[in-house]
Every structure is written in C-alpha cells, then in structure tokens.
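Structural overview for review
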Amino acid sequence: MQRISWIGVGIMGKAMVRNLMKAGYEVHIYARHPEKVADVISEGAVPHGSIAECVKASEVVITMVGFPKDVEEVYFAPGNILDSAVEGMTLIDMTTTSPTLAQRIYQEGAARGLRVLDAPVTGGDSGARAGRLSILVGGDQADFDACLPIFQAMGTNITYFGPAGCGQHAKMANQIMIAGALSGVCEALTYAKAEGLDGNTLLGAVSTGAAGSKQLDFQGKKILAGDFAPGFFMKHFVKDMRLAEAEAENAGLDLNVLQQALSNCQSLIDRGCGDLGTQALIKFYEKQQMKTGGTASALCLLFIPSVNLSPWEPVEFPNSNGAGSNPTSPP
C-alpha cells in the first residue's frame, strides 16, 4: 500500500500529507480550494480535480474534512468515495465525527468488499507537523495491523480500541477532557489577572505541579501572548463537543462540565470567533470583564501582530468594522 489518496487538506492534513511523503508514500490529494494546497503540490503531492479521480489513483483513501455533513458528502454522495472505490481498497476516516456515522461507513464499505477504519487524531497542528500525533483507531484488527505503517508515518501513539466507531468514541472522551482542562486554564488565568498576578510567572510556577497539563503548556502560553491563531478551530471544537454531548445523552449521562464549556464556546462563535483557535475561550471571560461600549464583533477580531497591545486585554474598536483578518480555514 504505497499509494495514498487524501481528501481534505486542511491545517492538520497538510502536515500529515507531508509526513506521509517523507515516509516514501506517493500521495494523491483532492481539495475544494486547490489554490490553498499549492505548497504541498510543489512538494510532490499529486492533485486531482475530483474525488472520484483521486480515489481511483490509490490503494488507500484517507479523509480528513470538517464536519459530519462533509464526511457524509465525500463518502455517500453519488460518484464520490464509496461509488469510486474498488473491492479490496482501504478507507480511513481521520475526521472527528459521529461514532454512528463511522459505523455506517464501515457497514456500507464492508458490503462492497472494502476495508474501513475510523482513526481520529489528537495532538494539534504542532503534533501533526512533528509526526507525533496520537491516533485512535476503530475497525477490524487485521485492517488496523495492515495500516499500522501508514499511521506510524503520522503519529507516535497509535492505539486500537475495538470495532468500528470505537476510535470516534475514544476521541469523544479526549474532547471531553480538553473541554474541562481548557476551561480550567482560562478560569485560572482570569482569576490571576484579577488578583494582579503575572501570568507568565504563574505558568512557570504551576506547570510542573499537580495543575500541569498539555492545555496549560500550549494554550496558556498562547493566551498570554495574545495569539489566537488556530491550531484547532473553535468552530470544530464546538462541533466535537456537540457530538460528545449527543453520545453522552444516548448513554444516559449528564456531563455538566462539557455542557458548560460547550455553551461558553458557542457564545463566542455567535460573536464571530469560530475561526479563532480554541484558546480564544479566554475571550468568554474577558467579555465578562469588559466595560460597556465595546462591540461584540470587535471582541473576536484576531490579534494583529504589528499592533502593540497588551495580550491580556481584548481588542476593542470604535465600531464593528474595525481592522482585522480571519485565519485561513481548512480547504
């Protein structure tokens, strides 16, 4: 399995495609916005003008798109993956999506003689670039074993969880953990600021103690620097939390911390923060401290590196048309 077709080359996908090529795989790609993937094409990825054409070029198809509706489209729409794949091919969905949808793809694929794995990842854009992702896999054990070298080209912590959908269930648990950990970081920094503590001094003091976490290490530093560029989009995090909430409800669970984090993040999306990174959750707490007079849309404008602003203070403009720019969304 040396030829891989990749559908959906976003922030994470670009780095993962690069690591596959570094490992010697021939990678074919399809992206809705080809102009956004010119860099990986120049590095050797083979572009295709349609999903069907891309699928037919390889033995393995990997998808990493944004939302469950995108997963349904690329797999089930006429002429797309399931219609184009031939018996014996392997399909790997690395999108974070519904476990139920993962099971549906598996069942439909198996009926057509296809091997199907759900393999969402965690580790963010930095883990993707370094090839150090954690990959959470569901499907048949034999198919996992056969694809292990592919996963090893992209990650270092690769775990098989069980039948189809189990990889997605593991990712739901991961996102529930992040919801609580990130909320704790934001609340702690908000408290520290209110009490006049230096944020960087606090991070240095507590990061090696019981409160230490990946969220504190990576997101805490970004928050203090006023860096809200996305390693992982807020809108995608909300999507994941909604999926986790739905699965928890199906299991008869009432996860209050998850529900509160979801509500807080959704309120930021409603104010235009969907294309910021998840660390922008701090803006929910900044909003609570803002004096009246600022505009809601101004709250969520991306930081401007060329402007000397305190990273602890929300950017306010005199009207909703203040200067700013959004990060590029995944193709």
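Source: prediction; values computed, not measured. (Residues numbered from 1 in each chain as written. Predicted model: local features only at pLDDT ≥ 70, side-chain atom pairs only at ≥ 80, totals over all residues. Heavy atoms only, no water.)

**Some thoughts on the confidence of the model for the chain**
Confidence in the prediction for the chain averages 88 pLDDT; 87% of positions are at 70 or higher. Predicted confidence is poor over residues 291-298, with pLDDT under 50, and the contacts of this stretch with residues over four places away or in other chains come to 10 contacts. Below pLDDT 50 for its whole length, residues 301-331 participates in 65 contacts with residues either more than four positions away or in separate chains. (pLDDT = per-residue confidence, 0-100. Contact = heavy atoms within 4.5 Å.)

**A short note on the environment of R104**
Inspection of the secondary structure assignment puts R104 in helix α6 (residues 99-111). Beyond its immediate stretch of four places on either side in the chain, R104 contacts E72 and F76. (Helix = DSSP H or I, 4+ residues; strand = E, 2+ residues; numbered from the N terminus.)

**Describing the nonpolar core**
The biggest cluster of nonpolar side chains holds 35 residues, and the ones touching the most others in it are W6, M94 and F151. The leading source of residues in this core is helix α1 (residues 11-22), at 6 residues. A179, L189, F228 and L258 belong to the second-largest nonpolar core, a separate cluster that totals 30 residues. (Core = buried A, V, L, I, M, F, W, Y, C linked by side-chain atoms within 4.5 Å. Buried < 20%, exposed > 50% of the residue type's maximum accessible area, 1.4 Å probe, protein only.)

**Quick word on the packing of helix α10 (residues 199-206) against helix α11 (residues 214-225)**
The description of two helices packed together rests on the angle between their axes and the distance between the axes. Packing of α10 against α11 leaves a shortest axis separation of 10 Å and a crossing angle of 170°. Looking at the two axes, α10 sits roughly antiparallel to α11. Contact residues: G199, N200, L203 and V206 in α10; L216, G220, K221 and L224 in α11. Looking at the contact of α10 with α11 residue by residue, the classes come out as 4 nonpolar, 3 polar and 1 charged. (Axes fitted to C-alpha atoms, helices over the stretch in contact; angles between N-to-C directions. Parallel < 35°, antiparallel > 145°, perpendicular 65-115°, else oblique. Nonpolar A, V, L, I, M, F, W, Y, C, P; charged D, E, K, R; others polar.)

**Details of the packing of aromatic side chains**
Any two aromatic rings considered together are summarised by their centre-to-centre distance and by the angle between their planes. Evaluation of the coordinates by the stated rule reveals 3 aromatic pairs. Between F284 and Y285, the ring centres sit 5.2 Å apart and the planes meet at 85°, which makes this aromatic pair edge-to-face. In this pair, the class of F284 matches that of Y285, namely buried. These aromatic residues form a ring-pair network of at least three members: F144, F151 and Y160. Its end group placed over the ring of F76, R104 keeps NZ or CZ at 3.9 Å from the ring centre. Lying over the aromatic face of F233, K235 brings its terminal NZ or CZ to 5.2 Å of the ring centre. (Phe/Tyr/Trp six-rings, centres within 6.5 Å; stacked < 30°, edge-to-face > 60°. Lys NZ or Arg CZ within 6 Å of the ring centre and 35° of its normal.)

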